[in-house]
Structures are given as C-alpha cells and as structure tokens.
Number of protein chains: 2
Amino acid sequence: MAKGIVKPNKFAFAEPPNELVLESGEKLGPITLVYETYGSLNANQDNAILIFHALSGDAHVAGYHSESDKKPGWWDSMVGPGKAFDTDKYFVICANTIGGCQGSTGPASINPKTGKPYALDFPVITVSDMVKAQTYLLDHLGIKKVFATTGGSLGGMAALQFAVDYPERVANVIPIATTARLSAQNIAFNEVGRRAIIHDPNWNNGNYYDKTPPNNGLALARMIGHITYLSDETMHKKFGRELKGEKQFETGFDAQFQVENYLRYKGFSFTQRFDANSYLYITKAADLFDLTDGHKSLAQAFKKCKDTRFLVISFTSDWLFPSYQSFEIVNAIKANRLHVSYKEIESTYGHDAFLLEVEEQTKTIKNFLAAGENA
Amino acid sequence: MAKGIVKPNKFAFAEPPNELVLESGEKLGPITLVYETYGSLNANQDNAILIFHALSGDAHVAGYHSESDKKPGWWDSMVGPGKAFDTDKYFVICANTIGGCQGSTGPASINPKTGKPYALDFPVITVSDMVKAQTYLLDHLGIKKVFATTGGSLGGMAALQFAVDYPERVANVIPIATTARLSAQNIAFNEVGRRAIIHDPNWNNGNYYDKTPPNNGLALARMIGHITYLSDETMHKKFGRELKGEKQFETGFDAQFQVENYLRYKGFSFTQRFDANSYLYITKAADLFDLTDGHKSLAQAFKKCKDTRFLVISFTSDWLFPSYQSFEIVNAIKANRLHVSYKEIESTYGHDAFLLEVEEQTKTIKNFLAAGENA
C-alpha cells in the first residue's frame, strides 16, 4: 500500500457494578479506550509492543487515517515497517489514556449517573490508573505478556509504572526522556498551566461543555508547556530575535517577535484539539507520579522486575527531564542487578528530542529489542 | 546608628515642552524619578555608583525606611558600610525606572493630557530610555561621571546600555547575571506572562486603575517568572515533592504540593506591590533590549568605551541568563582590547544567585573596584 492506513478501535469495559477501582479508592465505569494497532499479533501472542503517549498525545501513533490524511501519527518516524518499532515484526498497540480527550473516557465524557459530562466529577486519576486500564485492553486482545513497552515523557512514566505494577506482563521496557518521579520544577510548570485554565472565566469550575471553553487559559498552558519542550538553543536557532514585521515600538502588546507569534499559534491550535479539563487531570496525574509510592525506595520498586530488561534513553539538552533523572532510574534498576542499558543521546532539541532524534533512537532501540528476542 | 535609615527622594524633570525624547521618537514628560542615595558624594564628585534594579525591583536597594521597618532594601547584603558596594567609600544611587510603579513615572501615573492614568497611552520604553532618564538625575546630582554602574538581570542590561550610550560617563561597569540581548526563550517566557495579564478580564485593555486590577493574571506572570529565577536544584532542595497536607487525591485542583503553595503565595503577594501594566511595559523593554541596535556588531557597540573597565559576573546554575551569554559580552569587549574581567560563580541558586551569593560577589567586586581606584 502507498500509505499505512490505520483505523481506531474502541474497547468498552468496567461496566457497573464492575467499575475500575482507582488508586484513590474511587470507581470509574463504564470505560471506553480508543486504541490503534499496527502489524499482526503472532501465534504465540508474544510480539506485542505497548506504547504510551505523552500529555497531549493520542492513540494515533503512526500511519494515516485515510489516503487523503496529510499528517501521520505522532511517532510515525519510529513506528512502522522497518522502523525502530518494526511493525513487520511486532504488533504495536497504542491507546488514548483514561482522563484524555481523544476518544477514551475522560472529564468530557458523559457521567452515567447524571447524563451530563463529568467535568470535575471525574475522579482524580494516576499514572497507575492509566496503566491499569490498559491491562484490560491487553486481556481483551489476548495478550498475557507484552514483548516491550515504551513511551516518552508521561508515556515513559507509564512504561515504568507498567513494569513496576505488572512485572510478569512485560519483557522489555524503554522509558524515554522521563523520570521516576516528577520534580518540583515540573510540578511548578504544571501548576502554572492549571492556574491559567482555572483563572479563565470560561472555565466555570469545569462546566463549559455546552458553552465557550476556556481557550485562553488552555492556550496559555500550552504556550508554557511548549517553552519547556524546546531547548534554549533550538529556540535561538529557530527564532532568535527575528521580528514578525517591521515596527519596533508598538503599544498594545501584539506579537512582535516570531517566537511570540509561534507560541500564540501553537497555543491556539492546541485548543482546537484538546480539552482543558483533561489538561488539568493529566498534569495532576503526572504531578502525583512517584514510582517509589508503596515501596521503601526507588530500588525496591523494581524488585519484582526479575525477568525484565530495561533501556533508558535521555537527551543532553532536555532540561524538563534532565539526564540525571534517568541516571536515578538506571541506578535503581542496577541496585537489583537487573539488565539495564542506558543511552544519553546528544541532541539540541530539548525535551522534544524523543519525537525528533529518530536515527540514534532507532539504532539503540533496534539493538536492544534484537538482543531481547534472543534473551 | 543601629539601622541604616534611608529616605526616598523625588526628582522631577522633562516638563513640557522639554519632554524626554524616547527611542521610539515619542515624548514623555513630566517625569518623576524616585531615588535613594547612600553614603556621601565626595568633593571631586567621582565616587558615585549607579545601581539599576531588576524587573520587580525599586529604588530601595539597601537599608531601612524606618526604625520599625522589618525588611531591608533588595540588595542590602551587597550595599552598605564595608559591603561590596561600600557606602563608607562610595555614594550609591538607585532610582526606580521609568515605566515602573514604585514612585517613578509609569503607566499608572497621571497623563497630563487627560488627567487620567496613562494605562496603554504610556509610550513603549526601552532600556536605553530607562538609562537616558537617569542621566538627568545624575546631572541634577552634579555627577558628570560615575565611578561605577552595576545591576543584575534587567539591571545588568541597563548597566551595559549606560556604558554603551554614555561611555564618557562611567569608569567601571559590572553587569551581573545578564545578557547583551534577550534570548528567544526569555522573550517567550515574558510573552506568556504578558498573555496571562492581558487575558485576565480585569485587565480591561489596561484601564483598571479605578477598578479591580488583573491580579490573577499578574500573579500568574509572577509565578512563571519565579520558576525561571530558581534552579531545578534549588526547587528540589527547597520543596522536593513535599505535600502541603495529607490528602493525595483531591479534585478541585487546590495547591497540593508545597511548591504550588509557595508559587501561589509569591504570585499573590506580588500583586500587592506591583502594577500589571508596568509588568507589560518593562518586560517589553527587556524583549526589545539588544546592545547591537544601532551598531554593526556587539563588539562595535563597545567601541567607544575606551576608558571603561568591565567586570562581568554570571552563575553556573542560572538558566535564564546562562554563562554563555556573559561570554558573549566578554568576547565583544575583548575584541576592542578593553579591560574586562569575568567571573563565573559556582552556585545552585539559579538566576536569583545575584541576590544570594554575597560572599563570592563581594570578594570579586571589591577587588575589581579597588583596582579601579588605582587605575
């Protein structure tokens, strides 16, 4: 085929009274997960790779939804025939997280108890909850154990959490550009983004689904996020001090520099595809993420991962999830004498490098997975 | 005296038709500058040190306003008898910038043409304009040439601009934790802060002086600023993942981690002492700051500083104004074969280090100024 065409699927579960019990003790159900799959599950059902998406990602990790579709999935450079996650060999699965807004059950979904969108009646969810929901999808697909799980950023946290919570269900784990627990600085950036949404009068305590949504606040949150995804160097190369137009002394505070213009565009376009309440819930899940929760130490968290191999990847210019945070993960795994490889990739792209540094990631991941097949 | 008591002074100038001509060509007047002085001007009038404050600073650089005053000026650790800027030897001057809101003429001041606060009728000002206004103050004080000028952050930009615009009026320049031109990343952070203010419905296109001011927006801008002033390491040491209370799974998105609580407090308290329109104008001045404006290159900008000595100081963990930006300044000065010393101070405090790393700065600055006296 000219283009890899993929169709989203839906999986519904957790029908009351069998709701999903969340980490908070609250229950959520029914739940729909939207997911996509690539390649074929083999007869032994042991070639599945479960990919978790980042904050603003979705199930559409690769390929196109139609022949006329112009933009491929968010990690198309890494997922496909012959690519890092080779769909000629592996059965790749990616589901939109619970709490999200790209088809899976989230705050914009109808609350069966009220017949209205959940809004803030949606329960607080954690990365553990996100991962737990996806184990139901694996059961549904007949997969007891995945060959590998991976993801960048929040997706990397989910991959780590999957390994820690379900060590018997995964052979290889590739956390990328991520951390074992969110830093104070990252919580701070998330909090500012949430404040921006909450202070938008259109937010209306979360009840805006039949009204104008809090687009200004959500755009602002996205603008802040965007700055943290790029490196100082990338911003310098991409925009420098280039002006949008001629004039230097405008009052009114319109976008004057190209970088302002870019951020406004990015912020605005995000509001066209994302739900502000989902932004609140998912950033909160990231804030609450700490692999040591329920364990005596980070090393203890990995204690049960006896047969799991790990490949940890970080990027030199990623200041949102700096390499020292990946070292922490590596050291904790090493303390258990488990198999762990670590690759710090030279990059100027900042946190976004996990989406852009295709060549080095592909080489590293292919080697790691090939060795895993023979392990 | 038990406490160094200082009183603010006012200097009024630029009465129409002799307004200050701004870089934009627009005129501003009358202008009031609030300033404070410390120590005594000597008979030769050659022991003055002009200090420029940062974005949120004011004229109150050191000492106390009264015996009962609990908090000293913002750089009290560096300015006073026997300190880095030794008021036993030097006559220290610090004025609130035009465009500010701590007594000097800014957007909250009355526009003589309308009898109402300027708001957005206040003209766009630049760092050159800020510096130019202060030369009138020097004239007023009978000072032809200052022994030194200094400042951190925006204050460092002003010190550099003073040297470039008035090379004959300064002997020693100490730019600290600053840059020769604002980076794309910094413009981006400023832009997000401005958007936060502008999207606050209470901003009302700048006309809020008789109404509730846009405190939510200004607080948000300050929260973003605060994150950029601290290092990842400082935030980790200061807050880590410490919770404010017990509960982990709150909906409603109240501050849950100490770092959130701290930022909200800092943001809110800032609204008690700062004007949102001043925040817009001053960050815009910073964005527009580029020492090369009007020169062929950064090196050319320093060409006329023939008798000026420079000491450039940066801090290892300052990611807002990283050391490479200070190298740029140093190299440009060196290209003119002028005297320049450079000190990178080891610090974990991030950008705030210029307010906190007293010992190393004091040693370095004292040596530099002493050598300057004998030069």
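Up top you'll find the structure we're talking about.
A few points on the structure. (Residues numbered from 1 in each chain as written. Chains lettered and ligands numbered in written order. Predicted model: local features only at pLDDT ≥ 70, side-chain atom pairs only at ≥ 80, totals over all residues. Heavy atoms only, no water.)

## Thoughts on the interface of chain A and chain B
The cut-off we apply is this: Whether two residues touch is decided by their heavy atoms; if any such pair falls within 4.5 Å, the residues are in contact. Two parts placed together each lose some accessible area under a 1.4 Å probe, and adding up what both lose gives the buried area. By definition, a salt bridge exists where a carboxyl oxygen of Asp or Glu is found within 4 Å of a side-chain nitrogen of Lys or Arg.
Counting from both sides, the interface comprises 60 residues of chain A and, opposite them, 59 residues of chain B. Buried area between chain A and chain B, summed over both chains or domains, comes out near 5100 Å², and the portion from carbon and sulfur atoms is 68%. Among the residues of chain A in contact with chain B, Arg241, Phe249 and Phe253 of chain A are the three that bury the most area, contributing 17% of the side total. Applying the counting rule to chain A against chain B returns eight salt bridges.

## Examining the nonpolar core
The following threshold applies: To qualify as a nonpolar core, a set must consist of buried Ala, Val, Leu, Ile, Met, Phe, Trp, Tyr and Cys residues joined through side-chain atoms within 4.5 Å. Whether a residue is buried, partly exposed or exposed follows from its accessible area with a 1.4 Å probe, protein chains only, as a fraction of its type maximum: under 20%, in between, or over 50%, in that order.
In terms of nonpolar packing, the biggest core is built from 192 residues, with Ile93, Ile98 and Phe302 of chain A together with Ile93, Ile98 and Phe302 of chain B touching the most fellow members. Aside from chain neighbours lying at most four places away, what touches Phe302 of chain A is Leu160, Val164, Leu291, Phe310, Ile329, Ala332, Ile333, Asn336 and Leu338 of chain A.

## Description of the side chain of Asp232 of chain A
This is how the line gets drawn: Numbering of helices and strands runs from the N terminus; a helix is a DSSP stretch of H or I covering at least four residues, while a strand is a stretch of E covering at least two. The positive count covers Lys and Arg only, the negative count covers Asp and Glu only, and His and the chain ends enter neither. The definition of a polar contact used here is a pair of N or O atoms within 3.5 Å, where within protein one atom must be able to donate a hydrogen and the other to accept one, and adjacent residues in sequence count solely through side-chain atom pairs.
If you trace the backbone, Asp232 of chain A turns up in helix α5 (residues 232–238). One buried charged residue, Asp232 of chain A, forms no salt bridge at all, with the nearest opposite charge on Arg241 of chain A at 11 Å. Separated by 2.4 Å, the side chains of Asp232 of chain A and Tyr324 of chain B make a polar contact.

## Things to note about helix α6 (residues 258–271) of chain A
Basically, it comes down to this: Every helix has an expected span of 1.5 Å times one less than the residues it contains.
Along its 14 residues, α6 of chain A runs 20 Å from first to last C-alpha, staying within 8% of the 20 Å computed at 1.5 Å per residue. By the burial criterion, the buried members of α6 of chain A are Val259, Glu260, Tyr262, Leu263, Gly267, Phe270 and Thr271 of chain A. Packing partners of the buried residues in α6 of chain A comprise α4 (215–229), α5 and α7 (276–288) of chain A together with α3 (184–199) and α7 (276–288) of chain B.

## Things to note about the pairing of strand β11 (residues 146–152) of chain B
All names here are of chain B. Note the cut-off: Strands pair, by our definition, only if DSSP identifies at least two bridges between them. A crossover gets the label right-handed when its path from the first strand over the helix to the second runs clockwise, viewed with the strands pointing away from the viewer.
Across the seven residues that make up β11, a large majority, seven, are buried. In terms of strand pairing, strand β5 (residues 48–51) meets β11 through three bridges, oriented parallel. In the strand pairing of β11, Ile49 is matched with Ala148. Sheet topology places β11 next to strand β12 (residues 170–176); six bridges connect them, and they run parallel. Of the residues in β12, the one forming a bridge with Ala148 is Asn172. Chirality of the crossover, the property in question, places the unit of β11, helix α2 (residues 154–165) and β12 among those that are right-handed.

## Concerning the packing of α4 of chain A against α3 of chain B
Helix-helix packing is described using two parameters, namely the angle between the two axes and the distance between the axes. This is how the line gets drawn: A fitted line through C-alpha atoms represents every axis, and for helices the fit uses only the stretch in contact; the resulting angles, taken between N-to-C directions, go from 0 to 180 degrees. By the definition adopted for this analysis, an angle is roughly parallel if under 35 degrees, roughly antiparallel if over 145, roughly perpendicular if from 65 to 115, and oblique otherwise. Handedness of a helix crossing follows the sense of rotation of the near helix relative to the far helix, less than a right angle counterclockwise being left-handed and clockwise being right-handed. Under the scheme applied here, ten amino acids are nonpolar (Ala, Val, Leu, Ile, Met, Phe, Trp, Tyr, Cys and Pro), four are charged (Asp, Glu, Lys and Arg), and all others, including Gly, are polar.
Following both chains from N to C, one finds α4 of chain A and α3 of chain B inclined at 165°, their axes separated by 10 Å at the closest point. Here α4 of chain A is positioned roughly antiparallel relative to α3 of chain B, judged by the angle of their axes. Once α4 of chain A is placed against α3 of chain B, the crossing between them reads as left-handed. Residues Asn216, Leu220, Met223, Ile224 and Ile227 of chain A of α4 of chain A touch α3 of chain B, and the partners they reach there are Gln185, Ala188, Phe189, Glu191, Val192, Arg195, Ala196 and His199 of chain B. For the contact of α4 of chain A with α3 of chain B, the residue count by class is eight nonpolar, three polar and two charged.

## A closer look at the sheet that holds strand β4 (residues 31–38) of chain A
Residues and elements named next belong to chain A. Across the sheet, eight strands lie side by side as β1-β4-β8-β5-β11-β12-β13-β14; this open sheet has mixed pairing. In the strand order of this sheet, the two ends are held by β1 (9–13) and β14 (339–345), each with one partner. Shown here is a sheet whose adjacent strand axes are inclined to one another by a mean of 20°, direction ignored. The strands that helix α2 (residues 154–165) touches are β5 (48–51), β11 (146–152), β12 (170–176) and β13 (309–315); relative to β11, the one it contacts most, it runs at about 145°.

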